[in-house]
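Chain residues, written in single-letter form:
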Amino acid sequence: MREHLKPSMEITHLKGMKTKTWRNRIQLLLKTDSSKSIFSLMKNRPYRPTADDVSQWEQSLESLLSNKYGKAAFYIFLKSEFCEENMEFWTACEDFRQQTSEKDLASKASSIYEEFIRNEAPKEINLDFHTKNAIVQSLQQPNASSFLAAQRKAFSLMENNAYPRFLHSDLYRQLSHSAS
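Undergrad: I tried to follow the overall build of the protein on my own but got confused; where do I start?
TA: Scanning the protein from terminus to terminus reveals 10 helices and zero strands. Listed N to C, the secondary structure of the protein is α-α-α-α-α-α-α-α-α-α in terms of helices and strands. Looking at the protein as a whole, 35% of its 180 residues are labelled buried.

The structure is reproduced here in structure tokens:
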């Protein structure tokens, strides 16, 4: 059948296939380990985001990340775009800043460096030489602000790139609709 399509019909056919494939991928990403979607989890929990919550997510990335469902939805979106490492790094830095003992700070700093900062790290984030160098220097005696400059850069990347795309995504529209 496809051999007989006119060029304009073929393009429409391909666009339909791309849309369908993209939707299937999003639906797959919405599955959690227990094979339930984020939407079914939201419906079965005593608390789920209200329409007000979801509309607050539009106000700022801070608002989105301060809500556990907003943060989860944004993470799912980032995974769908293969750029979740900035959020994982940002979250690791938030956890790092909560550490109180020097031993815990040193251990967590080392793990963040190995996972996100060092060259060829499994989830290497994009940082300039000066920021990386400052982190390496601070690893000698890590403190709560050791990763602060890098965390701000990762946040800025999310805020200026991924966050606007999230707000225009089908995932956000579905969340907004399901919360209404």
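Picking up where we left off.
Undergrad: How do you make sense of the confidence of the model for the protein when you look at a structure like this?
TA: Do not read the fine detail of predicted coordinates wherever pLDDT is low. With 73% of its residues at a pLDDT of 70 or more, the protein shows a mean pLDDT of 81. Every residue in residues 7-20 is under pLDDT 50, and counting partners more than four places away or in other chains gives five contacts. Of the regions scoring below 50 in pLDDT, residues 29-37 engages in 13 contacts with residues more than four places distant in sequence or in other chains.

Undergrad: How should I be thinking about helix 6 (residues 85-97) in this particular structure?
TA: Structurally, the α-helix is built with 3.6 residues per turn, so residues lying three or four positions apart point the same way. Over its 13 residues, helix 6 extends 18 Å from the first C-alpha to the last, a length consistent with the 18 Å expected when each residue adds 1.5 Å. Along helix 6, the residues that are buried comprise Asn86, Met87, Glu88, Phe89, Trp90, Ala92, Cys93 and Phe96. At its buried positions, helix 6 is contacted by helix 4 (61-66), helix 5 (68-80), helix 7 (102-117) and helix 9 (148-167).

Undergrad: In this structure, what is going on with the nonpolar core? I would like to understand it.
TA: Counting residues in hydrophobic clusters, the biggest one holds 23 residues, and the most contacted among them are Leu61, Leu65, Phe74, Leu78, Met158 and Phe166. Elements that contribute at least two residues to this core include exactly helix 3 (51-57), helix 4, helix 5, helix 6, helix 9 and helix 10 (170-179). Membership of the second largest hydrophobic core comes to 16 residues, among which are Ala92, Ala109, Ile125 and Ala150.

Undergrad: When you look at the side chain of lysine 132 in this model, what are you seeing that I'm missing?
TA: By the element assignment, lysine 132 lies in helix 8 (residues 129-138). Residue classification places lysine 132 among the buried positions, given a relative accessible area of 14%. A polar contact is formed between the side chain of lysine 132 and the side chain of asparagine 119, at a distance of 2.9 Å. Apart from the residues within four sequence positions on either side, lysine 132 is in contact with Ile117, Arg118, Asn119, Glu124 and Leu127.

Undergrad: Explain the environment of tryptophan 57 here, please?
TA: Position of tryptophan 57 among the secondary structure elements: in helix 3. In this structure the C-alpha to C-alpha distance between tryptophan 57 and asparagine 67, which are 10 residues apart in sequence, comes to 8.3 Å. With sequence-adjacent residues up to four places away left out, tryptophan 57 is seen in contact with Pro49, Ser63, Leu64, Asn67, Tyr69, Gly70, Tyr163, Leu167, Tyr172 and Leu175.

Undergrad: Can you help me understand the side chain of serine 146 in this one?
TA: Tracing the chain through its elements places serine 146 in the loop between helix 8 and helix 9. The buried category is assigned to serine 146, whose relative accessible area is 11%. Among the polar contacts listed, one links the side chain of serine 146 to the side chain of serine 138, at a separation of 3.5 Å. Of note is the side chain of serine 146, whose polar atom sits 2.8 Å from the backbone nitrogen of asparagine 143. Residues in contact with serine 146, not counting those within four places in the same chain, are Phe96, Ile135 and Ser138.

Undergrad: Whenever I open this one, the environment of alanine 134 confuses me. Can you help?
TA: With respect to the helices and strands, the residue alanine 134 is situated in helix 8. With 16 residues separating them along the chain, alanine 134 and alanine 150 place their C-alpha atoms 9.5 Å apart.

Undergrad: Would you take a moment to explain the packing of helix 6 against helix 7 for this structure?
TA: Helices that pack against each other are described as a pair by the angle of their axes relative to one another and the distance between those axes. Here helix 6 crosses helix 7 at 170°, and the two axes come no closer than 10 Å. On the basis of the axis angle, helix 6 is roughly antiparallel to helix 7. Counting all contacts with helix 6, which are made through Glu85, Glu88, Phe89, Ala92, Cys93, Asp95 and Phe96, the residues of helix 7 involved are Leu105, Lys108, Ala109, Ile112, Phe116 and Ile117. Each residue belonging to the contact of helix 6 with helix 7 can be placed in one class, and the counts come to nine nonpolar, no polar and four charged.

Undergrad: Help me understand the packing of helix 5 against helix 9, please; the structure alone is not making it clear to me.
TA: At a closest axis distance of 10 Å, the pairing of helix 5 and helix 9 adopts a crossing angle of 95°. The angle between helix 5 and helix 9 places the two elements in the roughly perpendicular class. Of the residues in helix 9, those in contact with Ala73, Phe74, Phe77 and Leu78 of helix 5 are Met158, Ala162, Tyr163, Arg165 and Phe166. Of the residues in the contact of helix 5 with helix 9, the class split is eight nonpolar, no polar and one charged.

Calculation rules
- Residues numbered from 1 in each chain as written.
- Predicted model: local features only at pLDDT ≥ 70, side-chain atom pairs only at ≥ 80, totals over all residues.
- Heavy atoms only, no water.
- Helix = DSSP H or I, 4+ residues; strand = E, 2+ residues; numbered from the N terminus.
- Buried < 20%, exposed > 50% of the residue type's maximum accessible area, 1.4 Å probe, protein only.
- pLDDT = per-residue confidence, 0-100.
- Contact = heavy atoms within 4.5 Å.
- Expected span 1.5 Å × (residues − 1).
- Core = buried A, V, L, I, M, F, W, Y, C linked by side-chain atoms within 4.5 Å.
- Polar contact = N/O pair within 3.5 Å; in protein donor to acceptor, adjacent residues only side chain to side chain.
- Axes fitted to C-alpha atoms, helices over the stretch in contact; angles between N-to-C directions.
- Parallel < 35°, antiparallel > 145°, perpendicular 65-115°, else oblique.
- Nonpolar A, V, L, I, M, F, W, Y, C, P; charged D, E, K, R; others polar.

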